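Observations on chain architecture
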Amino acid sequence: MNGTVSNYPSTAVLLQHLVKLFFGCLAAVTCGMMYAVYLSTYHERKFWFSSRQELEREITFQGGNGLYYYYYKYMLAASSFEKGINDLMRDNRTISAQTINAVEQLSLYPELITSFLYRVTGSQDMIEPVYFYIGVVFGLQALYVTALFVSSWVMSGTWVAGMLAVAWYIINRPDTTKVDYAIPLRDNWALPYFSCQVAALTGFLRNNISSSGEMFCYLLLSASTFTFILIWEHSHYVLFIQSLALFLLDCFDLVQPRKVSVYLCSIILAYMLQFQNPSLLSSPLLSLLVALLSPLQQNMKAGRMAARLMKIVLHFYLVFTIGITFSYIIKVSVICKDLSINLCIYQSHAILIPRDFVTNLLLCQEGFQSPGQDYFLRLTQASVLPFYLLVLLVCLLSTLQAIRRRLSGEPIKAKLRLEDGMIGEQPEVIYHVFHTLLFGALAMLFVGMKYLWTPYVCMFTAFGVCSPELWVTVFKWLKLKSVHPVVLGLILSTAVPTIIGFSLWREYFPRLISELSELQEFYDPDTVELMNWIKTQAPTAAVFAGSPQLMGAVKLCSGWTVTSLPLYTDINLLRRSENIYQVYAMRSAEDIYKILMSYKASHVIIEEAICGEMNPSKGCRIKDLLDISNGHVIYEKGEMYTFSKYGRFCQEIKMNYSPYINYFTRVFWNRSYHIYKVNTVVSFQY
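Quantities reported herein were computed from a predicted structural model and do not represent experimental measurements.

The rules we used
Residues numbered from 1 in each chain as written. Predicted model: local features only at pLDDT ≥ 70, side-chain atom pairs only at ≥ 80, totals over all residues. Heavy atoms only, no water. Helix = DSSP H or I, 4+ residues; strand = E, 2+ residues; numbered from the N terminus. Buried < 20%, exposed > 50% of the residue type's maximum accessible area, 1.4 Å probe, protein only. Contact = heavy atoms within 4.5 Å. Areas by Shrake-Rupley, 256 points an atom, 1.4 Å probe, with all protein chains shown as cover. Patch = residues over 30% accessible without salt bridge, like charges linked within 9 Å, V, L, I, M, F, W, Y side chains within 5 Å. Salt bridge = Lys/Arg side-chain N within 4 Å of Asp/Glu carboxyl O. 1 Å grid on protein atoms, 1.4 Å probe; cavity = no way out; pocket = protein on both sides within 12 Å on 5 of 7 lines; lining within 4 Å. Points joined across faces, edges and corners; volume = space filled by probe spheres on them. Nonpolar A, V, L, I, M, F, W, Y, C, P; charged D, E, K, R; others polar. Expected span 1.5 Å × (residues − 1). Pairing = 2+ DSSP bridges. Axes fitted to C-alpha atoms, helices over the stretch in contact; angles between N-to-C directions. Disulfide = S-S within 2.5 Å. Phe/Tyr/Trp six-rings, centres within 6.5 Å; stacked < 30°, edge-to-face > 60°. Core = buried A, V, L, I, M, F, W, Y, C linked by side-chain atoms within 4.5 Å.

**Observations regarding the overall build of the protein chain**
Helix and strand counts for the protein chain come out as 32 helices and seven strands. The buried share of the protein chain, reckoned over its 686 residues, is 52%. Put simply, of all contacts in the protein chain between residues at least 6 apart along the chain, 71% involve residues at least 24 apart. Approximately 31,500 Å² of the protein chain is accessible, and the part contributed by carbon and sulfur atoms is 63%.

**Regarding a nonpolar patch on the surface**
A contiguous nonpolar surface patch, about 490 Å² in accessible area, is contributed by Leu15, Val19, Phe22, Phe23 and Leu26. Within the element layout of this structure, Leu26 appears in helix 1 (residues 2–47). Of the residues examined, Leu26 reaches a relative accessible area of 44% and is grouped as partly exposed.

**Considerations on the layout of surface pockets**
Empty space within the second largest pocket amounts to approximately 1,400 Å³. Lining the second largest pocket are 43 residues, and of these His17, Trp153, Val154, Met155 and Arg206 lie nearest its centre. If you list the elements that add at least two residues to the lining of the second largest pocket, you get helix 1, helix 7 (129–156), helix 10 (186–204), helix 11 (211–231) and helix 21 (427–445). No other element matches the eight residues that helix 7 contributes to the lining of the second largest pocket. Looking at side-chain class alone, the lining of the second largest pocket contains 22 nonpolar, 12 polar and nine charged residues.

**A closer look at helix 11**
Here helix 11 spans 30 Å end to end across 21 residues, near enough to the 30 Å set by a 1.5 Å rise per residue. Those residues of helix 11 not exposed but buried are Gly213, Glu214, Cys217, Leu221, Ser222, Ser224, Thr225, Thr227, Phe228, Ile229, Leu230 and Ile231. Its buried side turned inward, helix 11 meets helix 6 (109–120), helix 10, helix 12 (235–251), helix 13 (264–273) and helix 14 (278–281).

**Structural notes on helix 20 (residues 384–407)**
A rise of 1.5 Å per residue sets the reference length of helix 20, with its 24 residues, at 34 Å; its end C-alpha atoms lie 34 Å apart and thus fit the reference within 8%. Downstream of helix 20 by one or two residues, Gly409 has phi in the positive range, about 100 degrees.

**Overview of the sheet that holds strand 1 (residues 543–545)**
Strand order across the open sheet formed by five strands is 2-1-3-7-6, with mixed pairing between neighbours. Because the sheet does not close on itself, it has two edges, and the strands there are strand 2 (561–562) and strand 6 (664–669). Against the sheet, helix 28 (residues 589–598) makes contact with strand 1, strand 3 (603–607), strand 6 and strand 7 (673–678), and its axis sits at roughly 75 degrees relative to strand 6, the strand it touches most.

**Considerations on the state of the cysteines**
The tally for this structure, following the rule as stated, stands at two disulfides. In this model Cys364 forms its disulfide with Cys620; the gap between the sulfur atoms is 2.1 Å. With the S-S dihedral at roughly -80 degrees, the linkage between Cys364 and Cys620 falls on the left-handed side. Here the residue Cys364 occupies a position in the loop between helix 18 (357–363) and helix 19 (373–381), and Cys620 occupies one in the loop between helix 29 (608–611) and helix 30 (622–629), the gap between them amounting to 256 residues. Judged by relative accessible area, which is 42%, Cys620 ranks as partly exposed. Here the protein chain pairs its bonded cysteines, counted in sequence order, in the arrangement 1-3, 2-4.

**Quick word on the packing of aromatic side chains**
Pairs of aromatic rings are described using the distance from one ring centre to the other and the angle between the two planes. Per the counting criterion, the structure on display carries 33 aromatic pairs. Ring geometry for Phe22 versus Phe23: centroids 5.3 Å apart, planes at 75 degrees, classification edge-to-face. Between Tyr69 and Tyr133 the ring centres are 5.2 Å apart and the planes differ by 75 degrees, which places this aromatic pair in the edge-to-face class. Placement of Tyr69 in helix 3 (residues 67–77) and of Tyr133 in helix 7 is noted, with a sequence separation of 64 residues between them.

**Here we look at the nonpolar core**
Across soluble globular proteins, you tend to see nonpolar side chains buried next to one another. Within the largest apolar cluster, 164 residues are counted, with the highest numbers of intra-cluster contacts made by Ile534, Phe544 and Ile605. Ranked by the residues each element gives to this core, the list is headed by helix 7, at 13 residues. Membership of the second largest hydrophobic core comes to 31 residues, among which are Ala585, Ala601, Ile606 and Ile653.

**What about the environment of Val238?**
Inspection of the secondary structure puts Val238 in helix 12. Looking at Val238, the relative accessible area reads 5%, which means it is buried. Through-space distance from the C-alpha of Val238 to that of Leu285 is 8.8 Å; in sequence the pair is 47 residues apart. If sequence neighbours within four positions are ignored, Val238 has contacts with Phe194, Phe228, Trp232, Phe439 and Leu452.

**Some thoughts on empty space enclosed by the protein**
Following the criterion strictly, the structure yields two cavities of 30 Å³ or more and no others. By volume, the largest cavity is sized at about 60 Å³. The set of elements that each furnish at least two residues to the lining of the largest cavity consists of helix 7 and helix 10. Lining the second largest cavity are Leu39, Tyr42, His43, Lys46, Phe47, Phe138, Val179 and Asp180. Per-element tally for the lining of the second largest cavity: the top contributor is helix 1, with five residues.

As C-alpha cells, then:
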C-alpha cells in the first residue's frame, strides 16, 4: 500500500508530462498544416493557378528560378528514373557547346527526390505534376514553422511560445521567406532542414536531457545537417557561422566539449553524394572543424581568470591558424572549381576599388544591399523588434555573467531551479544568443541574410517573453522585496504573450484573411507570346542567347539549348553571361556576331526592359556595368559620362543599318522582346 502511495506522485507527474507533450505536438503540427494550407490558398489567389494553361503556370516561376522545375519535368518524362539521372549527369542539351553534370552544378537533388516520389506513390492519376511539386515545397514550409515552434517550446517550456513564434513568422512573411514569389529556389528547399537542425541542436545542447533524448537529437541533427548540405550550395557558409557560435561556447566552457563538433559525418556523406565536390573540402566549415578536433588545443582552458583569458586568446589563434593552414593545403592540393566568389564579394563590399563586371553585377543584386528602414519599421510595427531587443539584452547580460563564472573556475550547473534566475546558464540559450548576434551582424550588412536571421528573431523573442526564467532573472537583478520574483515571473510569462497575441490577432488576422479573399492576377502576355513563338516557330536545333534570367525561362518553357543560366556560383557561367550581355553595350555588330558565334548561338533575344532601362540611380543598370567594364566611362565633377565610337548595340540594331542587317535578321518582336536570327552566311558589303 505504501509503495502504491509513494509511486502515485511520480505517475501523476509522468502523466502530466505526457499530456503537455501531446497537446504541444498537436499544436505544432496544426500550426504547420494551417500555414501550408494558407500558402496554397494564397498562391492560387495570387496567380489564378488552376485556371491557367501549363505555359502560363510555368511563367509564374519568376526570376529564372523556374529552371529547376524544368529538370523535374524532364525526370518525369524520362523512360526510367535511372535513365533520367544518367542523362542529367551528362547533360549536353542545356548549355551550348558544353557538357555539364546538372545534378552537381545545379543541386538538383530536390527535383530527383520529388520526381521519384511522384512515380512511386502512383500520384499520376490523382494530381498534376506541378501541384505535386508545389505541394512538396509548401509541405517543407510547414516543417519549417513546426521546427521554429519546437525550438521556442523547448527553450521556454511552454508551447504558447511556439504559437507566438509561428504567428510572428507569418506576419513578417516578406522578411522571413521567398516562397511567395520564387517557389523552386534552393533556399525554400534547404532552410526547412536548417530549421530542423537548429531545433535538434537546441535539444542536444540541454544539460538535463536524457541519454535517449540526446541520441534522438543527435541523429536528427546529423540527418538534417546532411540534407541541408546536400541540397544547397551555400549551406556550408551558413553552418560555418553556426559553428562559430558553438566554438564560442566551447572557448568559455559553456557546453560539454563533446557536443561541439557535430558536423563531420554529415560533411563526409554529403561530399560523396556531391560527386566529391572540392568546394566542400576547401570550405571554412571543414577547416574550423579540423582545427577544433586538433589535440594541440586541449588543456588550454584551465587556471585562474587572467591565465584563462590569455589561454583563450591563444586558443583562438591556434584554432584559426590550424583552420587557415588546412584550407590552404586543400586548395593547393585539390583542383578547386569554387573561386571563392562570395569571399570576393565581401571584400569588394568593404573596399572601394574598381571592380569588373561580374563582381559589380553580384554586388548590385538586391541581396547584397544594406537593409532599408522599412525592414526595421515592419519588425517594429509587428512588435517583434522591441521585445527582441529586451530579450536579447537580458540573455546577453546573463550570458556574460555565466562566462565570468566559468573564467573564475565555477563548474557548469547541471540542474537549474526557477528561483535561481540564471537564464544565461542554459547552453541552448547561450547558443541562440551567439547565433542571433552573428547572423544579425551579417543581416545588417546584406539584406539577403534577413531570411536566415528574421525567423530566429521571431523564435528567440517568443521564447523570451514566454519564459518564466527570463522574467525571474530580471527581477532577481532588481532585487524586488514586495513580490516574490518567481510569482511575478510566472504571471508575466503568461500575461505578456497573451496581450501580444490578442493585439496581433486584432491587427493582423483581418489582413491575412483579406489576402486570401482578394483576387490578384499575374499577367505577362509579352512573355507568353515569346515562349509560344519559340515553341512553335524556332527550329529544333536552335540555340538562344540572352540574359540569364530569361534563358532560365526559355529552358523551362521550351527545353531549347541556351548559352547561359541564372547560376551565380559558377565563375565560367558568369563570364559567359558577361559576354552575352555585350548586346547591351556600345560594341560593333562584328564584335557581337563573333561573341555569339563562339557560343554557337543561332538566335539572340533583346529585352526592352534592359536596353531601355531608365532607372534614375545609375551604376547598377546592366548597360552601366558594361560601360564601366569596357572602359567607356569618364567621370567629371561627380557625374558619369559614356563615350564610344559605336552606338549601343541593342538600340542600333533596331535601325536596320547595313552593318547590322548583314549579321542579324529580326524574326520576332513585340513590346518587350526582339528575337534576331544570327546569320550563318554574312555579306560584308557596307
